[in-house]
Amino acid sequence: MSQPQRIAIVHYHLRPGGVTSVIGTAVNALRNKNVQVAVLTGGPAPEPRVLPEQVAIEGLNYSTAEKGSISAADIVTRLRSTARKALGGAPDLWHFHNHSIGKSCALTGAVHLLAAAGEKLLLQLHDFAEDGRPANYHLLLDELGQGDPARLAALMYPQGTHVHYASLNARDRGFLCHAGIPADRVHLLPNAIGLNHVPQPEANHGTGPRLFLYPTRAIRRKNLGEFLLWSALAEPRDRFASTLFPTSPADRVVYDRWVEFATQEKLPVDFGIGQKRDIPMIELLASAHAVVSTSVAEGFGLAFLEPWLAHRPLLGRDIPDITAGFLDEGLDLSLLYTRLLVPIETVGRDTLTTRITAAMRELFTSYHRDLKPGDVEAAMNAATEGDAVDFGRLDEALQQVVIQRIRKDTSLRAALQPNALRVDGREPTLLQHNEAVVRKAYNIEQYGTRLQRIYDAIQSSTPSPLDSISGEKLLDAFLAPERFFLLRT
C-alpha cells in the first residue's frame with residue numbers, strides 16, 4: 001500500500017456545533033481510507049476530547065477581540081510545527097474550515113501565506129462574512145484589506161490550481177464560480193447525517209393531540225412568527241413546539257417577545273422543549289405528528305433531511321436554492337410551499353416599502369454600498385405577488401399584526417395561500433421514499449468517498465502563482481435585492 005495521505009484539518013475550536021459535527025464526520029469517514037489525519041484546533045483542547053486526532057494550538061481560536069495579538073506568520077509557524085509532530089511529516093494537504101468568516105484575521109492571512117507558498121489547500125466554507133455579517137467583513141476589510149475590497153478579496157479567497165474550495169450547497173458554489181473561481185476547483189460537499197433508526201410510534205387514529213415540532217434554535221432567520229401563525233390557525237387538538245432557544249443576546253430579545261406574544265394570544269405553543277426535557281432528538285422527532293420548518297435562510301439545510309429518518313413528514317417553507325441539490329438526489333419535498341402569501345392590505349404596501357427601504361439602506365451602508373435605483377423595487381417585487389405579500393418577508397412587528405388580524409377575520413384566513421399545512425394521502429409512500437433517499441445519498445460512507453475524491457484532485461494538482469477572485473461580484477451575489485428578507489437584517 002502506498003504512503004497514506006497526511007491531512008491536517010484546521011478549525012478555530014471543537015465546541016459543540018455544526019462545524020465540529022462536520023469535522024467529526026470527516027474524520028470518521030476517512031478512518032478506513034488510506035489517509036492519516038490530525039485535527040488542529042484552538043486550545044486548550046476541551047475535555048472530554050471530541051476526537052482522538054485533535055491537537056491544540058495556542059492562538060488558533062477566535063481572536064476578533066484581540067486585534068494584532070498574533071500574526072499570520074506566527075500562525076503558519078505553529079501550524080507547520082504542530083502538524084509535523086502529529087503526522088510524522090509535513091501535511092500533503094491542509095483542510096481549513098471557515099477560514100474567511102472574520103473570526104480571526106490572523107488565520108485568514110495564514111491561509112493566504114500557505115497558498116502563496118504552494119501548499120495544497122481545501123478551503124471549506126460553511127458561512128460567509130459577506131452574508132449578513134457586516135461586522136466580520138469590516139474587521140477583515142480594516143485589518144487585512146487596509147480599506148481596499150480588491151486587496152481583501154485576494155487575501156480571503158486565494159486562487160491557484162493547488163487551492164480548492166468546498167461548499168455546502170449549490171447556491172454558494174454558484175456564487176464562488178460567478179466571482180471567478182474555476183468550476184473544477186469548487187466542490188459541492190453536502191454534510192452527512194446520521195440518526196439511529198427508531199420504531200414508528202403508534203398512530204393516534206385522529207383521536208389524540210397532534211404535535212407539530214419545529215426542531216430549531218429559534219434565531220431570527222428561522223422565522224418563528226410563521227410557525228406561530230400556523231399555530232394560530234390550528235385545530236383544537238393540535239399542539240406546536242420548538243426545541244431550542246437562542247443563545248445570542250440580540251436573538252434572545254426577539255425570541256422573548258415572541259414568547260410573550262404567544263402567551264398574550266393564548267397560542268398552543270411550547271417553547272424550548274428540547275432544553276426542558278432530556279429526550280434525544282430522534283425521539284422528539286418521532287413523537288411528532290409532523291415536523292415543521294419555516295426558516296427563510298439556511299447553510300446546508302439539515303432540517304430538510306432529518307425528519308424522514310424519524311418517519312415523519314416535513315411541512316412548511318421550502319428554500320429552493322438550498323434544497324435544489326436534495327431534489328437532484330430524488331428527495332420529494334412537494335409538501336412544502338415556497339411562499340406564504342397574505343393580503344398586503346393587512347400591513348399596508350406603503351408601510352412595507354418604507355421598512356424595506358430603511359433596512360436595505362442600513363444593510364448596504366454596513367457593507368460600504370449605496371442603494372442603486374431599482375433596488376427597493378426589486379426587493380418589493382420579490383416580496384409581493386399582486387395584492388399579496390410573502391409572510392416570511394415581513395419583520396416581526398408586521399407578522400404580529402397579520403396574526404392578530406387573521407385570528408379576528410376569517411375572510412383573511414381564507415385568502416392565505418396556502419391556508420393550511422399540507423399533509424396528503426401519499427404520506428406513507430412519501431415517508432418510505434424520502435427515508436431511502438436520505439440514507440443512500442447522505443450517509444457517512446458517501447461523504448468519505450466524496451471527500452477522498454476531492455483530496456485526490458487537489459493532491460494531483462501542480463501549484464501555480466496566485467490569482468484573485470472578484471470580491472465585488474461575490475458581495476453583489478449575497479446582497480442581491482431579490483434575496484432581501486427583513487428577518488435577515
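For the structure itself, consult the block above.
Residues numbered from 1 in each chain as written. Predicted model: local features only at pLDDT ≥ 70, side-chain atom pairs only at ≥ 80, totals over all residues. Heavy atoms only, no water.

### Focus: the environment of Val-389
Positionally, Val-389 belongs in strand 16 (residues 388-390). For Val-389, a relative accessible area of 0% corresponds to the buried category. For Val-389 and Tyr-165, which are 224 residues apart along the polypeptide, the C-alpha to C-alpha distance reads 37 Å. Beyond its immediate sequence surroundings of up to four residues, Val-389 is in contact with Leu-340, Leu-341, Val-342, Ile-344, Leu-352, Ala-383, Thr-384 and Leu-394. (Helix = DSSP H or I, 4+ residues; strand = E, 2+ residues; numbered from the N terminus. Buried < 20%, exposed > 50% of the residue type's maximum accessible area, 1.4 Å probe, protein only. Contact = heavy atoms within 4.5 Å.)

### Re the nonpolar core
A general feature of soluble globular proteins is that nonpolar side chains tend to end up buried together. Formed by 131 residues in total, the largest nonpolar core has its most connected members in Leu-79, Trp-94 and Phe-96. Contact partners of Trp-94, with chain neighbours within four places excluded, come to Ala-8, Val-10, Leu-40, Leu-79, Arg-80, Ala-83, Leu-114, Glu-119, Lys-120, Leu-121 and Leu-122. By size, the runner-up hydrophobic cluster in this structure holds 24 residues, among which are Ile-9, Val-19, Ala-192 and Leu-451. (Core = buried A, V, L, I, M, F, W, Y, C linked by side-chain atoms within 4.5 Å.)

### Let's talk about the pattern of salt bridges
The final tally for this structure, using the stated rule, is 24 salt bridges. Between Lys-222 and Glu-298 there is a salt bridge, and its shortest N-O distance comes to 2.6 Å. Of the two residues, Lys-222 is situated in the loop between strand 8 (210-217) and helix 7 (224-232) and Glu-298 in the loop between strand 11 (290-293) and helix 11 (306-309); the sequence distance between them amounts to 76 residues. For the pair formed by Lys-222 and Glu-298, the shared burial category is buried. Residues Arg-369 and Glu-472 are paired through a salt bridge, measuring 3.1 Å at the closest nitrogen-oxygen approach. Residue Arg-369 is located in the loop between helix 13 (349-366) and helix 14 (375-383), and its partner Glu-472 is located in helix 19 (residues 471-478); the two are separated by 103 residues in the primary sequence. Residue class for Arg-369 comes out buried when judged on its relative accessible area of 16%. (Salt bridge = Lys/Arg side-chain N within 4 Å of Asp/Glu carboxyl O.)

### Here we look at the sheet that holds strand 14 (residues 341-343)
The antiparallel open sheet is built from three strands, whose spatial order is 14-16-15. Pairing within the sheet leaves two strands with one partner each, and these edge strands are strand 14 and strand 15 (384-385). Relative to strand 16, strand 15 is paired through two bridges, and the arrangement is antiparallel. Residue pairing across strands places Thr-384 opposite Val-389, the latter belonging to strand 16. (Pairing = 2+ DSSP bridges.)

In short, the description is geometric, and any link to function would need to be established separately.
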